[in-house]
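Structural overview
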Amino acid sequence: MTSAKRGRVFSGARPTGRQHLGNYLGAIKNYVTLQDEYDCVYCIVDLHALTTVDTTENLRQNTYEMALDWLAAGIRPVESIIFVQSHVPEVAELHLILSMVTPLGKLTDLPTFKEKVRQQPHNVNYGLVGYPVLMSADILLYKANLVPVGVDQEPHIEFAREVVRSFNYRYNTSVLIEPQMKATEFPKVLGIDGQQKMSKSLNNHIELASTPQETTERVMQMVTDPQRIRRSDPGNPDVCNVFSLHKIFSSPEEVEMVNVECRRAGIGCVDCKKLLARNMNAHLEPFRARRAEIGQDPGTVQDVLQDGKRRAQAIASQTIAEVKDAVGLA
Ligand code: SF4
């Protein structure tokens, strides 16, 4: 890939199907912006999903829906590479080779592994232990310089950097590149329960592709300031998730109005939510129009993923050839 851009970014996300506001504000929006400065490789990591899912019956559909949302949100497939992890099997090969330079104890000591064991004690599989190695293989296979992650994800990038050092030292090579972390603000978007992070599994989400009516219904269900029982009670917008979303979707004047009027019971929660729903729907309208247009022909998404596979594989096959050569494999 030739480019005047500042480097290559890699990021992967599990195929979770239709994306919600939390996905959009927390990751996709950033993916779109990064394209202006970097060569971007965006991967739907379906192999990673196998470590935790019990059933794969929705995997293909979820992959399709997610790619469609990415495109509708503004990821540009001519500039960026959008592809599915399992379509480029070289990642499994690199994963295996990297696993030989990774001490098992290091993997089992990782807090993320311990957390997963706690979450799914019935399914502590081998893939789960090697998850960070596969993640490193994703990044290293595409020779990414930068990985956009929140500060809490820093240990994962440091792990990948250690893998690079171990590999390069063991095989006396410089073929793998230590990726840098691109510290990024990933705003935590709360769900309609106002308590927990927005998540499909908690059913507290608002899908980007919902109809305006569905979106309004979800907004009207949002939990507000729990101290505000009656319309005549003054509220506190600082503890209300409706207000947090106003700050994203409403004009500065409207945000200020809600901030003032809520505190003196000048606006009721019903009207406040209706205003939010209206602004949210207006904001999402271009996304929905693009989604409908692209989705008219399901072949469009398949073509994008196919082209992404071709371009990703061109990089991957080169890297894997260099890695095998460094290792001394025939
Ligand atoms: S008026 Fe708006 S900001 Fe205030 S508590 Fe109700 S929903 Fe929240």
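Criteria and thresholds
- Residues numbered from 1 in each chain as written.
- Predicted model: local features only at pLDDT ≥ 70, side-chain atom pairs only at ≥ 80, totals over all residues.
- Heavy atoms only, no water.
- Near = heavy atom within 4 Å.
- Helix = DSSP H or I, 4+ residues; strand = E, 2+ residues; numbered from the N terminus.
- Nonpolar A, V, L, I, M, F, W, Y, C, P; charged D, E, K, R; others polar.
- Core = buried A, V, L, I, M, F, W, Y, C linked by side-chain atoms within 4.5 Å.
- Buried < 20%, exposed > 50% of the residue type's maximum accessible area, 1.4 Å probe, protein only.
- Contact = heavy atoms within 4.5 Å.
- Polar contact = N/O pair within 3.5 Å; in protein donor to acceptor, adjacent residues only side chain to side chain.
- Phe/Tyr/Trp six-rings, centres within 6.5 Å; stacked < 30°, edge-to-face > 60°.
- Pairing = 2+ DSSP bridges.
- Right-handed = clockwise from strand over helix to strand, strands pointing away.

Now for the site of the ligand. Around the ligand sit Thr 224, Asp 225, Arg 228, Cys 240, Val 242, Phe 243, Val 258, Cys 262, Cys 269 and Cys 272, and those are all the residues in its vicinity. Mapped onto the shell around the ligand, the elements with two or more residues apiece are helix H11 (241–249), helix H12 (252–263) and helix H13 (269–295). When grouped by side-chain class, the residues that make up the shell around the ligand number 7 nonpolar, 1 polar and 2 charged.

This part is about the nonpolar core. Core analysis: the largest hydrophobic core is formed by 53 residues, its most contacted members being Tyr 42, Trp 70, Leu 276, Met 280 and Val 301. When neighbours within four sequence positions are excluded, Tyr 42 is seen to be in contact with Val 9, Ser 11, Tyr 31, Leu 34, Gln 35, Trp 70, Ile 75, Ser 80, Ile 81, Ile 82 and Phe 83. Formed by 39 residues, the second largest nonpolar core is a distinct cluster that contains Cys 43, Val 88, Ile 97 and Val 129.

Within the secondary structure layout, Asp 36 lies in the loop between helix H1 (21–34) and strand E2 (39–44). A residue is classified by how much of its surface remains accessible, and Asp 36, at 55% relative accessible area, is exposed. For the pair formed by Asp 36 and Arg 18, sequence separation is 18 residues and the distance between their alpha carbons is 25 Å. Setting aside chain neighbours within four positions, we find Asp 36 in contact with Lys 5 and Arg 76. At a separation of 2.9 Å, a polar atom in the side chain of Asp 36 contacts the side chain of Arg 76.

We now examine the side chain of Asp 46. Examined against the element boundaries, Asp 46 turns out to sit in helix H2 (residues 46–49). Aside from chain neighbours lying at most four places away, what touches Asp 46 is Pro 15, Val 84, Gln 85 and Ser 86.

With that settled, consider the packing of aromatic side chains. Any two aromatic rings considered together are summarised by their centre-to-centre distance and by the angle between their planes. Here the structure, examined in full by the defined rule, presents 6 aromatic pairs. For the pair Tyr 31 and Trp 70, a centre-to-centre distance of 5.5 Å together with 85 degrees between the ring planes defines the contact as edge-to-face. In this pair, Tyr 31 sits in helix H1 while Trp 70 sits in helix H3 (residues 59–73), placing the two residues 39 residues apart along the sequence. The class for Tyr 31 is buried, based on a relative accessible area of 5%. A network of ring pairs unites the aromatic residues Phe 10, Phe 83 and Tyr 142 as a single cluster.

What follows is about unusual backbone geometry. Here the phi dihedral of Asn 203 falls at roughly 50 degrees; this positive angle occurs in a residue that is not glycine. Relative to the helices and strands, Asn 203 resides in the loop between strand E5 (180–183) and helix H10 (212–220). Its identity is not glycine, yet Ala 265 carries a phi of approximately 55 degrees, on the positive side. By the element assignment, Ala 265 lies in the loop between H12 and H13. The buried category is assigned to Ala 265, whose relative accessible area is 15%.

This part covers the pairing of E2. Remark: a regular strand shows side chains that alternate across the two faces of the sheet. The buried count for E2 comes to 6 of 6 residues, which makes it a mostly enclosed element. As judged from the 6 bridges shared by strand E1 (residues 8–13) and E2, these two strands associate in the parallel manner. Its bridge partner being in E2, Gly 12 is matched across the sheet by Cys 43. Handedness of the crossover joining E1 and E2 through H1: right-handed. Of the strand pairs in this sheet, E2 and strand E3 (residues 81–84) are connected by 4 bridges, and their pairing is parallel. Bridging across to E3, Tyr 42 finds its partner in Ile 82.

Okay, the environment of Ala 183 next. Following the sequence through the fold, Ala 183 ends up in strand E5. Taking the relative accessible area as the measure of exposure, Ala 183 reaches 54% and is therefore exposed. It is 5.6 Å that separates the C-alpha atoms of Ala 183 and Val 149, two residues lying 34 residues apart in sequence.

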